[in-house]
There are 2 protein chains.
Amino acid sequence: MEKFLQEAKSASRVLSLLSGAKKNRVLKEMANALRVNKADLIDANALDMADGKKNSLSLALMDRLLLDEVRIEAMAVAIEEIAALKEPVGRVLDGWVTEAGLKIEKVSIPIGVIGIIYESRPNVTSDTAALCFKSSNVCVLKGGKEAQNSNEAIAKVLQATLEKNSLPKSLISLVPDSSREGVAKLIKMDKYVDLIIPRGGEGLIKYVCDNATVSVVKHDKGQCHTYIDKEAILEDAIKIAINAKTQRPGVCNAMETLLVDSAIAKSALPLIKAEFDKANTKLKGCLKTQEIIDVESVTEEDYDTEYLDNILNMRVVDGVEEAIEHIVRFGSGHSEAIVTQNVTTAEKFLNSIDAAAVYLNASTRFTDGGSFGFGAEVGISTNKLHARGPMGIEGLTTYKYKIYGSGQTR
Amino acid sequence: MEKFLQEAKSASRVLSLLSGAKKNRVLKEMANALRVNKADLIDANALDMADGKKNSLSLALMDRLLLDEVRIEAMAVAIEEIAALKEPVGRVLDGWVTEAGLKIEKVSIPIGVIGIIYESRPNVTSDTAALCFKSSNVCVLKGGKEAQNSNEAIAKVLQATLEKNSLPKSLISLVPDSSREGVAKLIKMDKYVDLIIPRGGEGLIKYVCDNATVSVVKHDKGQCHTYIDKEAILEDAIKIAINAKTQRPGVCNAMETLLVDSAIAKSALPLIKAEFDKANTKLKGCLKTQEIIDVESVTEEDYDTEYLDNILNMRVVDGVEEAIEHIVRFGSGHSEAIVTQNVTTAEKFLNSIDAAAVYLNASTRFTDGGSFGFGAEVGISTNKLHARGPMGIEGLTTYKYKIYGSGQTR
């Protein structure tokens, strides 16, 4: 592992000399290479699908694992879209002249070597490889073992394109040891690896955060809330709540708990329930909720659970203060929304809640790079530092100061 | 420790509601309280000085430890200067409207609870406490045990000012257990602590980086180089080299190794040596250097040593390429300088070297918040992410997205 990462580190220097034009040409060739080699990719994927069946993977997981012509085309298009992004390296982020007459430029640069740990979907392999290459970073990929054959086939195609362009294939590679021990080693190699991005289950992320000596930007769970204030337009509020829960329940920006102001609970809850019933959402509620509508009872543990499913906790709260208290206690700092027409209430909520994204009168489902207009996204960070929330390709850069003098000394 | 940090965490919410005017008023009161209580501070410091003498601390350490009227006045002025800084929280860093019509504002916010681990100088206690308070962060301070009495006296004065203003004293506190075990606990409390900033010796920093589960922004060593190219104005080059080494050898942005282009070594080295001899610098050189001037021989280990003293390694290299190779191998990513008149050579150096600050024709000694014009500095970060190089008060903030909708759903 150490020798492998050493190579990755030294390969990173090649990237600092590549022009944007060359990088984009190589990316377009990678996209085409995926198209040309689609039969090989589908064959490799078939092995994973067969293993998955043997290991009784769930239908949802099998679907995420599958590669077909349509998905391979989508992967190719995604790489072309990444090629079309504005060059992320060398942007002048700030600049000024100091008292001593030094001209300082704060310039974006690549991070270096980035280790990415993820699960099931094979398209993540090509997406992340392309994002890292575009931002002049070396990537070291550790996909899920259930997709090992597919990931290897994809990496082989991308590496062949690198070599055809006289670039070291170690710019994009899968970790040689994809066992638990391999991960354990990878996350301690701060000498060679500059950043680890874990995307996956809570267990994986906790393990990485607890044990890494490399810096980590995690993509953790979203325990998201929507609070309907007494001064909300109820029709909007219900639309927003339904959207936040049901449009795609399996993602991190979906709502898990709906908080309703006690001042309107009596009239609002039956209307809310009627709409959720249409969407077949399973509702759980606090005692006050149960006094008004017929729902199962909710537990403290439920308030702390990311269902990733069409299940919703409901709680009646006494105004925005109690809503904030609930979110401070149970929120995961991802996305939180208030629905109200009152500006003071709105700003109190938006300013008090410490989350990556805080919404007024909109669905939490908008927290992603696409909706934010970032073009392509690395993921949705739940870190508090470096990159927070939707992480565009600039999240794969850091900066240095270039300082131009004319003989200055102190 | 856990209960103590729990209090710190919950106190952090108080800060989100404080106005800038109130914060600045409290800071000015803190400055005056230091002045009013200077006798107590000097008494407490006398205990540390007596212990220091008993434990045979070096003269340099004893000097760093000392508090007198002049230094207490300087601490008070530093707090007043921090009060005068522009409000760091609530800055709109970016803003746009999305396709869906959502108005997104990226806004600076406090990080939360910041643990700072540092050594000897008691003024760090008041400086960091003021910087954290100004940026609406709670600070948990762990100073050196040799300054324990002084730090406690300073913290007591600052806390009294907080309480006089009806603010919880847990906004500024010293860790209750300042032993090694206390530090071990502190750096694993990611539930309550959002950032650890270690400032101190290599051993401490390595220990914190290896064991923390909390995010770390480290202030590590500076292994800084200056490369004199064949196209340098030699007079400037010598001035810059002398300044980088001798103006204050004990700091992290001082030069440790001077690289000289072989094309000019024969004529330049004697001139360089003559100036360093005047400054009583002890010179060590590579074989090629020794063929030209009479210096001790340098070892590989020397190239890797931060002397913090008036000692300099010298090496003759074949042009900018070999200079870059040397720096890639031995540099610590802090500050690196080239002296040349050739733009192509200059840009090759500035772009190839991965360091927080890269200089053309200026001394590496400029890498600090003051010289950069940041007003006050938290320190000089050797992190690659979050804050790199001189870390102004914005380094104590992160951001969130405030999103204003009008009923949008996906």
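Source: prediction; values computed, not measured. (Residues numbered from 1 in each chain as written. Chains lettered and ligands numbered in written order. Predicted model: local features only at pLDDT ≥ 70, side-chain atom pairs only at ≥ 80, totals over all residues. Heavy atoms only, no water.)

Draft legend 1. Local environment of the interface of chain B and chain A. In this assembly, 66 residues from chain B lie in contact with 66 residues from chain A. Across the chain B/chain A interface, buried area totals approximately 5600 Å², and carbon plus sulfur atoms make up 53% of it. Across the contact surface, chain B and chain A share 8 salt bridges. With a shortest N-O distance of 2.8 Å, E347 of chain B and K402 of chain A are connected by a salt bridge. There are 44 residue pairs in polar contact (both at pLDDT 80 or more) connecting chain B and chain A. Broken down by secondary-structure element, the contributors of at least two residues to the side of chain B that touches chain A are strand 2 (103–110), helix 9 (202–211), helix 10 (234–246), helix 14 (319–330), helix 15 (343–352), strand 13 (357–362), helix 16 (369–372) and strand 16 (397–408) of chain B. Here the side of chain B that touches chain A takes 11 residues from strand 16 of chain B, the largest share from any one element. Looking at the side of chain B that touches chain A residue by residue, the class counts come to 32 nonpolar, 19 polar and 15 charged. Relative to strand 16 of chain B, strand 13 (residues 357–362) of chain A runs parallel, the two being bridged by 5 bridges. Pairing of A362 of chain A across the sheet is with Q408 of chain B, part of strand 16 of chain B. (Contact = heavy atoms within 4.5 Å. Buried area = accessible area lost by both parts, 1.4 Å probe. Salt bridge = Lys/Arg side-chain N within 4 Å of Asp/Glu carboxyl O. Polar contact = N/O pair within 3.5 Å; in protein donor to acceptor, adjacent residues only side chain to side chain. Helix = DSSP H or I, 4+ residues; strand = E, 2+ residues; numbered from the N terminus. Nonpolar A, V, L, I, M, F, W, Y, C, P; charged D, E, K, R; others polar. Pairing = 2+ DSSP bridges.)

Draft legend 2. Inspection of the domain arrangement of chain A at higher detail. All names here are of chain A. Splitting chain A by domain gives domain 1 (2–220 + 382–404) and domain 2 (224–370). Inter-centroid distance (C-alpha atoms) of domain 1 to domain 2 is 35 Å. Contacts between the two partners involve 6 residues from domain 1 and, on the opposite side, 9 residues from domain 2. Carbon and sulfur atoms supply 55% of the area buried between domain 1 and domain 2, which totals about 520 Å² over both sides. For the domain 1 face of the interface with domain 2, the top three residues by lost area are T382, R388 and P390, together amounting to 69%. Linking domain 1 with domain 2 are 2 salt bridges. A salt bridge links D354 to R388, with the nearest nitrogen and oxygen atoms 2.8 Å apart. The interface formed by domain 1 and domain 2 contains 2 residue pairs in polar contact (both at pLDDT 80 or more). (Domains from an automatic or database assignment.)

Draft legend 3. Focus on the packing of aromatic side chains. Evaluated as defined, the whole model comprises 14 aromatic pairs over all chains. For the ring pair Y303 of chain A and F330 of chain A, a centre distance of 5.3 Å and an interplane angle of 50° mean the geometry is tilted. Of this pair, Y303 of chain A sits in helix 13 (residues 300–303) while F330 of chain A sits in helix 14 (residues 319–330); the two residues are 27 residues apart in sequence, bridging distant segments of the chain. Residue classification places F330 of chain A among the buried residues on the basis of a relative accessible area of 8%. Taking 5.0 Å as the distance between ring centres and 90° as the angle between the ring planes, the aromatic pair formed by Y401 of chain A and F372 of chain B counts as edge-to-face. (Phe/Tyr/Trp six-rings, centres within 6.5 Å; stacked < 30°, edge-to-face > 60°. Buried < 20%, exposed > 50% of the residue type's maximum accessible area, 1.4 Å probe, protein only.)

Draft legend 4. Layout of the side chain of T213 of chain B. By the element assignment, T213 of chain B lies in the loop between helix 9 and strand 7 (224–228). Looking at T213 of chain B, its side chain comes within polar contact range of the side chain of D190 of chain B, at 2.5 Å. Leaving out residues up to four positions away in the same chain, T213 of chain B has contacts with C209 and D210 of chain A together with I187, K188, M189 and D190 of chain B.

Draft legend 5. Structural view of the pattern of salt bridges. Residue and element names in this part refer to chain B. Tallied over the full model, the rule gives 54 salt bridges over all chains. Between E69 and K38 there is a salt bridge, with the nearest N and O atoms lying 3.5 Å from each other. Taken as a pair, E69 in helix 5 (residues 69–83) and K38 in helix 3 (residues 38–54) lie far apart in primary sequence, 31 residues in all. D236 is the partner of K239 in a salt bridge, and the nearest nitrogen-oxygen pair spans 3.9 Å. Here D236 and K239 lie together in helix 10, a separation of 3 residues that amounts to about one turn.

Draft legend 6. Region of interest: the pairing of strand 2 (residues 103–110) of chain A. Residue and element names in this part refer to chain A. Extensive coverage of strand 2 is indicated by the burial of 6 of its 8 residues. Sheet topology note: the strand 1 (residues 92–97)/strand 2 ladder contains 5 bridges and is antiparallel. Bridge pairing in strand 2 links G95 to E105. Where strand 1 hands over to strand 2, the hairpin turn is made up of 5 residues, of which G101 adopts a positive phi near 85°. Note: strand 2 against strand 16 (residues 397–408), 8 bridges, orientation antiparallel. In the sheet register, E105 faces strand 16, and the bridge partner there is K402.

Draft legend 7. Up close: the environment of T398 of chain A. Relative to the helices and strands, T398 of chain A is located in strand 16. Under the relative-accessibility criterion, T398 of chain A is labelled buried at 6%. Taking the C-alpha atoms as reference points, T398 of chain A and A11 of chain A, separated by 387 residues in sequence, lie 18 Å from one another. A distance of 2.6 Å separates a polar side-chain atom of T398 of chain A from the backbone oxygen of K384 of chain B.

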